[in-house]
Amino acid sequence: MIARTMRDERLLFFCFFEHCTRSAVEGLRLGAWRYYARLLAMGWCSVVLAACTSTPAPYGEVEGERFGKGELVQSDTNRMATLAMQQNLESLFSLMDKLYKRNPSEWPKTADSREAAMEFVRLTVLNRQGWAPLGQARDVKALSRALDAEFADDRVAAFIYSAADTVIAAHGGKTFFTMIDGLNSQAIYNAARNMEIASWILATRKKTDGSPLLLANEMGAAERNLSFEREMSKVIARLDLMAVYGTEKYRRAAIGYGQGLVGGPLMQFLPVDALATAATAATSAQ
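Residues numbered from 1 in each chain as written. Predicted model: local features only at pLDDT ≥ 70, side-chain atom pairs only at ≥ 80, totals over all residues. Heavy atoms only, no water.

(A) Region of the structure containing the packing of aromatic side chains. Per the counting criterion, the structure on display carries 3 aromatic pairs. Centre to centre, the rings of F159 and F228 are 6.4 Å apart; their planes meet at 40°, and the pair counts as tilted. Taken together, the residues F159 in helix α7 (residues 155-170) and F228 in helix α9 (residues 227-247) connect sequence positions 69 residues apart. The same class applies to F159 and to F228, which are both buried. Ring pairing ties together the aromatic residues F120, W131 and Y161, which thus form one cluster. (Phe/Tyr/Trp six-rings, centres within 6.5 Å; stacked < 30°, edge-to-face > 60°. Helix = DSSP H or I, 4+ residues; strand = E, 2+ residues; numbered from the N terminus. Buried < 20%, exposed > 50% of the residue type's maximum accessible area, 1.4 Å probe, protein only.)

Structure representation (structure tokens):
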């Protein structure tokens, strides 16, 4: 019965639909009951297909942060800068984990375990402390020493620390921004270029014995591992975005203020009863 009504359909799921609904309509003598059973089965099949097509890919889901009282003193630009800073630091800490795994001889120079070394570097960065093996150098000076071919200490820790310090220094030495803070767009842009240079030096410079400074990317016939390059590219991209966005901060604030003045009085919703009265008057006039 159902096969005859749907013989012109070409979709595979209708064949499955026929199998599922045949037992439901079998034995029903009234045409109305058969009609409603068919509609019910079609609705069930549509739900199944919708569920299949809306299943998210198994790559995780975006999660926003919970509300904090500090957000009350943040503008949109402050909030965006804070989130970008948090993501950049997390990217660098993720790179530290990758580099330690590929260079296991480095972390024993800092701590008794890889996890302890990573935590030590993280706390040093977040607390804005100096790094003794770098001679308390900061910003690009620390980055230059970390990439020196003669540097003999934990190069992974020194590189991540100096890269993070360079990013933070470009933001005025802060990782959390409020309405009294400003962004130096040129400094952030310069930090992005410094990350590009540091990444290139790490990939090309050799130690005095001819070995690479650190094993990072790998492009061989048997294996290709570009996870370091991808993660560093995220940091550079966020810095470039914040640099451009910072140049528009005051312009967007002025435009937003003007839009509020002009659009506020003009873009008001009419009350429902007013719309009903107008419709009734128009009908009576006809």
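The discussion continues.
(B) Summary view of the environment of A170. With respect to the element layout, A170 can be found in helix α7. On the basis of relative accessible area, A170 is assigned to the buried category, the value being 7%.

(C) Geometry of the packing of helix α4 (residues 76-102) against α7. For the pair α4 and α7, interaxial distance at closest approach is 10 Å and the crossing angle is 170°. Here α4 is positioned roughly antiparallel relative to α7, judged by the angle of their axes. Seen from α4, the contacting residues are M85, N88, L89, L92, F93, L95, M96, L99 and Y100; seen from α7, they are V156, A157, F159, I160, A163, A164, V167 and I168. Tallied by class, residues from the contact of α4 with α7 come to 16 nonpolar, 1 polar and no charged. (Axes fitted to C-alpha atoms, helices over the stretch in contact; angles between N-to-C directions. Parallel < 35°, antiparallel > 145°, perpendicular 65-115°, else oblique. Contact = heavy atoms within 4.5 Å. Nonpolar A, V, L, I, M, F, W, Y, C, P; charged D, E, K, R; others polar.)

(D) Highlighting unusual backbone geometry. Positive phi values are uncommon outside glycine, yet Q136 reaches one of about 65°. With respect to the helices and strands, the residue Q136 is situated in the loop between α5 (114-126) and α6 (139-146). The exposure class assigned to Q136 is partly exposed, which follows from its relative accessible area of 48%. With phi around 55°, D139 is a residue other than glycine that occupies positive phi space. Inspection of the secondary structure puts D139 in helix α6.

(E) How the structure looks around the side chain of R79. Position of R79 among the secondary structure elements: in helix α4. On the basis of relative accessible area, R79 is assigned to the buried category, the value being 18%. In this structure R79 touches E65, E71 and Q74, once residues within four positions along its chain are discounted.

(F) View of the nonpolar core. Counting residues in each nonpolar core, the largest one holds 52 residues, and the members touching the most others are F159, I160 and M195. A per-element tally of this core places α7 first, with 11 residues. (Core = buried A, V, L, I, M, F, W, Y, C linked by side-chain atoms within 4.5 Å.)

(G) The arrangement of the environment of A117 in detail. Note that A117 resides in helix α5. Accessibility expressed as a relative area gives 0% for A117, which makes it buried. Measuring from C-alpha to C-alpha, the distance between A117 and M96 comes to 9.7 Å, with 21 residues separating the pair along the chain. Among all residues touching A117, those that are not within four sequence positions of it are Y100, W107, T110 and A111.

(H) The arrangement of the packing of α5 against α7 in detail. Viewed as axis vectors pointing N to C, α5 and α7 meet at an angle of 20°, and their least axial separation amounts to 10 Å. In terms of orientation, α5 and α7 fall into the roughly parallel class. Here α5 runs over α7; the crossing is right-handed. In this structure, α5 uses V121, T124 and V125 to contact α7, whose residues at the interface are A157, I160, Y161, A164 and I168. Of the residues contributing to the contact of α5 with α7, the split by class is 7 nonpolar, 1 polar and no charged. (Left-handed = near helix turned anticlockwise from the far one by under 90°.)

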